[in-house]
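Remarks on the overall topology
Here is what each chain is made of, one letter per residue.
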Amino acid sequence: MTTHRFTLIVDGVDINDPDVFDALYEAGCDDATIGTTDGIQVMDFAREAPRLDAAILSAILHAESVEGLRVVRVDDLDLLSMSEIAARIGRSRECVRLWVTGARGPGGFPPPVNDPGSRYRFWRWSDVKDWLSAALNGTTWSSDGHVRGAINATLELRQHLRQLDPQHRQDLRALAGPVFGV
């Protein structure tokens, strides 16, 4: 069994309240460090599970079994600047910049997730690592970014669906059906 480390960002009831803290412990979150940072409630887990997705999903289920608590997202550390990409792979920022602009490498570097004309651009590590794997002849990195990204996308979709009227929900289910096979 592998120990997976991740952080859940939660909302709702105050997790620092002694009764909520006890309820989280009883619900199975005894492997989490619970606290608030700059007004944001976080639960840092070190959870044993065969796979990362199993660890995160079980933590979400346990945390949300406490009345009034909702998991907003998994802190995935997936968004990186050019400098952070360079540091992660042991290359210079200039090397990464040349890949981004297409002046070096095979081209087709993933687009940033924010405005491409912005002074501060960010890329998803999960997209970049896939490009790097192809560009650097099979060098591989962990697929954890895709797992965390998929879970975050699902949590965000869940939040948006709560805000929609039933007809819009039905329309979106029809759209998502081919993706989820429903």
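Before any of the text, the structure's been laid out above.
First, a word on scope: everything that follows refers to the structure included in this document. The structure displayed is predicted, hence computed values, not measured ones. (Residues numbered from 1 in each chain as written. Predicted model: local features only at pLDDT ≥ 70, side-chain atom pairs only at ≥ 80, totals over all residues. Heavy atoms only, no water.)

Two elements in contact, helix H3 (residues 82-89) and helix H4 (residues 93-101), have axes whose closest approach is 8 Å; the angle formed by their N-to-C orientations is 115 degrees. The handedness of the crossing between H3 and H4 is right-handed. For the pair H3 and H4, contact is made by Met82, Ser83, Ile85, Ala86 and Ile89 and by Arg93, Val96, Arg97, Trp99 and Val100, respectively. Broken down by class, the residue content of the contact of H3 with H4 amounts to seven nonpolar, one polar and two charged. (Axes fitted to C-alpha atoms, helices over the stretch in contact; angles between N-to-C directions. Helix = DSSP H or I, 4+ residues; strand = E, 2+ residues; numbered from the N terminus. Left-handed = near helix turned anticlockwise from the far one by under 90°. Contact = heavy atoms within 4.5 Å. Nonpolar A, V, L, I, M, F, W, Y, C, P; charged D, E, K, R; others polar.)

Position of Arg47 among the secondary structure elements: in strand E3 (residues 40-49). Reaching out from Arg47, the side chain makes a polar contact with the backbone oxygen of Gly28 at a distance of 2.8 Å. A polar contact of 2.9 Å, which involves the side chain of Arg47, links it to the side chain of Ser58. (Polar contact = N/O pair within 3.5 Å; in protein donor to acceptor, adjacent residues only side chain to side chain.)

In this section: the pattern of salt bridges. Considering all chains together, one arrives at six salt bridges under this definition. One salt bridge in this structure joins Asp11 and Arg70, with 3.1 Å as the shortest N-O distance. Taken as a pair, Asp11 in strand E1 (residues 2-12) and Arg70 in strand E4 (residues 69-75) lie far apart in primary sequence, 59 residues in all. Of the charged contacts, one joins Asp31 and Arg47 as a salt bridge, the two residues approaching to 2.7 Å between their closest N and O atoms. On the criterion of sequence distance, the pair formed by Asp31 in the loop between helix H1 (18-26) and strand E2 (32-37) and Arg47 in strand E3 is long-range, its members being 16 residues apart. (Salt bridge = Lys/Arg side-chain N within 4 Å of Asp/Glu carboxyl O.)

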